[in-house]
Each structure stands twice: as C-alpha cells, then as structure tokens.
Amino acid sequence: MELDYTFMADTFFKIWSGIGTTLSLTVLSLLIAAPVAFYMAVLRIRGNSVGSGLTQAYISFVRGTPIVLQILLLYSLLPSFLNMLVKSMGSNFNVFDSIDPFWYAVVVFSLNTIALLAEVFRSALLSIPKGQLEAGVSIGLSEFQTYRKIIIPQAMVVALPAICNITVNLIKGTSLAFLMTVKDVLAIGKIAASYGYNYIESYLDVFLVYIIVCTIVQLLYKFAEQHVGAFRAA
C-alpha cells in the first residue's frame, strides 16, 4: 500500500483549520466547569449531607458511563427538552434549526469535565492543612478571602498536573463532537477522506494534529507548574 503524500500535505492544513473549534470546546468547557467543580469539592469537604450526596451521585454517574453514551443521550434529549420549554412559553423559536450544535457539545463536555475537576479540586484542597483556614480567619480574613489568598494558590500547585491530564484528555475527547455534527479536527478529516477514500492518509493527519496540539498544551502546563510552584524551591 502506497500513501498519497500530496493528499496528506494538502489535507493537513484543512484539518488544522478545525483546531480552533477543538480548542474553543476545550477552553469553554474548562471555564464553565471549573467554578462549579470547585463548589462541589468544597461541599464534599465540608460534609454537607445533601450537597455532598448529590455531588457524589453526579460524579459516580458521569465517571461510570461512557462519554459516547452521554453525548448520544444529551444530544437527543436536550434539544427536545428546550423545544418543549420554548413551546410551553408560547414562542415560535425553532430550537432544532436555530441553535448551533457546537453549544450542545459545550454543554456535554462541561458536564463531563465538572465531575473530573471536582475530584481533582477536592484532593488538592485536602492536601492543604486545615489549620491554614483557621489561621486565616483568626487574623481577620473572611473564609472567602482565606480561600482566595491562601488556600487556592497552594492547592492549584498540587492540582496542575491532574488538570493538565484532564485538559489533554478533553482535547482528545472533543473528537467525539462529530457525533453532534460539529466540524472539529476529526470531522474535517473524515469529510476530506470521504471524497477519495483516503482514510488512512487523513487519519494520519488527524493523528499528527492531535500530537502537536497536546504536546504544546503539556509544555505550557509544565511551564505554568514550574512558575507557580517556584515558592516550593525557595
């Protein structure tokens, strides 16, 4: 079997054009998930019976089901639910044609990322001695200020490697967005390959794009980890 290198060279840049969608999905999902996940982590640490129980059930559900199934369920149910809600309000707004599937993908990946980040934040916060919260409050800081100025900066150093893994896995996981007709890296590769059945060449291009992006992201996180963790070496 001989590879069509001309096709690969031309297609690589077409596929690369989809990296904006992939990174947008990743960044938006992380930004939406982070505050919710942090709140869930705090609920579990405080031992709030209702909040902690609901959070644990949610995390168990997300971690115990394949993301493909979550995508298929939410992409099937969410538009129908929104359409029913809109119709009940007497609006003629067409949910199915008016909402870009990209936003459904953001919802799916955000909900999945919340569960993963919640466990990372909980572990990171538990690694900080409880006495630091009490010390902060004792010198006149509010609990919120103590978390923001003392606990969270230290916890972030602990959490960064795990957040890096989640980010890289999220970048790769967004390849499933093509199931929601989102034109990301993989979707563009599949479309390009379908014209001449050059699937091997196209998938090799997709492979290279993901390798490049994920490597850059890991290097950025490594730099951030060295920077924010500089105080440990002092």
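Everything quoted here is computed from the prediction, not taken from an experiment. (Residues numbered from 1 in each chain as written. Predicted model: local features only at pLDDT ≥ 70, side-chain atom pairs only at ≥ 80, totals over all residues. Heavy atoms only, no water.)

**Student:** Just to check I follow, could you spell out the overall build of the chain for this structure?
**Tutor:** Helix and strand counts for the chain come out as 11 helices and 0 strands. The secondary structure elements of the chain, listed N-terminal to C-terminal, are α-α-α-α-α-α-α-α-α-α-α. The proportion of buried residues among the 234 residues of the chain is 39%. Sequence separation of 24 or more characterises 78% of the internal contacts of the chain that already satisfy a separation of 6 or more. Distance from the positive charge centre (14 side chains) to the negative charge centre (12 side chains) of the chain: 15 Å. (Helix = DSSP H or I, 4+ residues; strand = E, 2+ residues; numbered from the N terminus. Buried < 20%, exposed > 50% of the residue type's maximum accessible area, 1.4 Å probe, protein only. Contact = heavy atoms within 4.5 Å. Lys, Arg positive; Asp, Glu negative; His and termini not counted. Charge placed at Lys NZ, Arg CZ, Asp CG, Glu CD.)

**Student:** How should the UniProt feature "domain: ABC transmembrane type-1" (unreviewed entry) in the chain be read in this particular structure?
**Tutor:** In the numbering adopted here, UniProt assigns the feature "domain: ABC transmembrane type-1" (unreviewed entry) to residues 19-221. The straight-line gap between the two end C-alpha atoms of residues 19-221 is 19 Å; of that span, 83% is helix and 0% is strand. (UniProt positions renumbered as here; feature names shortened; annotations may be inferred.)

**Student:** Is there a simple way to explain the UniProt feature "transmembrane region" (unreviewed entry) in the chain in this structure?
**Tutor:** UniProt marks residues 15-40, 61-82, 102-121, 150-171 and 207-224 with the feature "transmembrane region" (unreviewed entry), using the numbering shown here. What you have in residues 102-121 is 100% helix and 0% strand, and the ends, taken at the C-alpha atoms, are 27 Å apart. Note that residues 207-224 is 100% helix and 0% strand, and that its end C-alpha atoms are spaced 26 Å apart.

**Student:** Help me out: how do you make sense of the nonpolar core in this one?
**Tutor:** Among soluble globular proteins, nonpolar side chains are generally buried collectively. Phe 109, Leu 117 and Met 180 are the most contacted members of the largest nonpolar core, which totals 55 residues. When contributions to this core are tallied by element, the ones reaching two or more residues are α1 (5-16), α2 (19-46), α3 (49-63), α4 (67-88), α6 (101-126), α8 (143-173), α9 (185-196) and α10 (199-228). In terms of residue count, the dominant contributor to this core is α6 (14 residues). Residues within four places of Phe 109 in sequence aside, it is in contact with Leu 25, Ser 29, Ile 67, Ile 71, Leu 170, Gly 173, Thr 174, Ala 177 and Met 180. (Core = buried A, V, L, I, M, F, W, Y, C linked by side-chain atoms within 4.5 Å.)

**Student:** Which parts of the structure should I look at to understand the packing of aromatic side chains?
**Tutor:** Applying the stated rule across the entire model yields 8 aromatic pairs. Arranged with centres 6.0 Å apart and planes meeting at 65°, the rings of Phe 38 and Phe 121 form a pair that is edge-to-face. Placement of the pair is Phe 38 in helix α2 and Phe 121 in helix α6, with a sequence separation of 83 residues. By relative accessible area, which is 10% here, Phe 121 ends up buried. Judged by centre distance (6.0 Å) and plane angle (40°), the rings of Tyr 199 and Tyr 203 are tilted. One end of the pair, Tyr 199, and the other, Tyr 203, are both in helix α10, 4 residues apart, so they sit about a helical turn from each other. (Phe/Tyr/Trp six-rings, centres within 6.5 Å; stacked < 30°, edge-to-face > 60°.)

**Student:** Can you help me understand the confidence of the model for the chain in this one?
**Tutor:** Interpretation of this model should avoid reading the predicted coordinates in detail wherever pLDDT is low. Per-residue pLDDT for the chain averages 88, and the proportion of residues at 70 or more is 97%. Per-element averaging of pLDDT across the chain places helix α11 (residues 230-233) at the bottom with 54 and α2 at the top with 93. (pLDDT = per-residue confidence, 0-100.)

**Student:** What exactly am I supposed to notice about the pattern of salt bridges here?
**Tutor:** Pairs can form between side chains of opposite charge whenever their charged atoms are close. By the definition in use, this model includes 4 salt bridges. When the shortest N-O distance is used, the salt bridge between Arg 44 and Glu 119 registers 2.4 Å. With Arg 44 in helix α2 and Glu 119 in helix α6, the pair connects residues that are 75 residues apart, well separated along the chain. Note on accessibility: Arg 44 and Glu 119 belong to one class, buried. Residues Glu 119 and Arg 63 are paired through a salt bridge, measuring 3.5 Å at the closest nitrogen-oxygen approach. In this pair, Glu 119 sits in helix α6 while Arg 63 sits in helix α3, placing the two residues 56 residues apart along the sequence. In the salt-bridge network here, residues are joined through shared partners; they are Arg 44, Arg 63, Glu 119 and Arg 122. (Salt bridge = Lys/Arg side-chain N within 4 Å of Asp/Glu carboxyl O.)

**Student:** It is not clear to me how the state of the cysteines should be interpreted in this structure. Could you clarify?
**Tutor:** Under the criterion given, the structure shown has 0 disulfides. Considering cysteine sulfurs only, Cys 164 is the nearest to Cys 214, which forms no disulfide, with 9.3 Å between them. Of the residues examined, Cys 214 reaches a relative accessible area of 7% and is grouped as buried. (Disulfide = S-S within 2.5 Å.)

**Student:** In this structure, what is going on with unusual backbone geometry? I would like to understand it.
**Tutor:** Outside of glycine, negative phi angles account for most residues, and trans bonds account for most peptide bonds. At Thr 181, a residue that is not glycine, the phi angle is positive and equals roughly 65°. With respect to the helices and strands, the residue Thr 181 is situated in the loop between α8 and α9.

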